[in-house]
Amino acid sequence: MPQGKPAGVPCVQLMADMRCAVFGQAERPDFCGGLQPHAEMCGTDRAAALLWLTQLDAATTPQTPRAAASAKA
């Protein structure tokens, strides 16, 4: 996804079994390779891990100039 992955949109490299199709390959995005799992991120089950990732996705979504201005008002 050359322009990045929008929040809430599954990665195009995610296979049906939820594994990364480019894991360990040179074309894997730097972000993915740098994202190291830890206990807080993984939680106690898959649902907790997905919630953490969803929150990270939302927290790092760039705001449009209009949305940023509204947030400051």
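Residues numbered from 1 in each chain as written. Predicted model: local features only at pLDDT ≥ 70, side-chain atom pairs only at ≥ 80, totals over all residues. Heavy atoms only, no water.

## What to know about the overall build of the protein
Here's step 1: Summing up its helical and strand segments, the protein has four helices and zero strands in all.
Here's step 2: Split into buried and exposed, the 73 residues of the protein put 7% on the buried side.
Here's step 3: Put simply, of all contacts in the protein between residues at least 6 apart along the chain, 23% involve residues at least 24 apart.
Here's step 4: Surface exposure of the protein reaches about 6,000 Å², of which carbon and sulfur atoms provide 62%. (Helix = DSSP H or I, 4+ residues; strand = E, 2+ residues; numbered from the N terminus. Buried < 20%, exposed > 50% of the residue type's maximum accessible area, 1.4 Å probe, protein only. Contact = heavy atoms within 4.5 Å. Areas by Shrake-Rupley, 256 points an atom, 1.4 Å probe, with all protein chains shown as cover.)

## Observations concerning the pattern of salt bridges
Here's step 1: Scanning the entire structure with this criterion turns up one salt bridge.
Here's step 2: As a salt-bridge pair, Arg 19 and Asp 17 come within 2.7 Å of each other at their nearest N and O atoms. (Salt bridge = Lys/Arg side-chain N within 4 Å of Asp/Glu carboxyl O.)

## Re unusual backbone geometry
Here's step 1: Backbone geometry at Met 18 places phi at a positive 70 degrees, although glycine is not the residue there.
Here's step 2: Here Met 18 is to be found in the segment before α1 (30-34).

## Description of the confidence of the model for the protein
Here's step 1: When pLDDT is averaged along the protein, the result is 81; 82% of the residues meet or exceed 70.
Here's step 2: Taking the mean pLDDT of every element in the protein, the minimum, 61, falls on helix α4 (residues 65-72) and the maximum, 90, on helix α2 (residues 39-42). (pLDDT = per-residue confidence, 0-100.)

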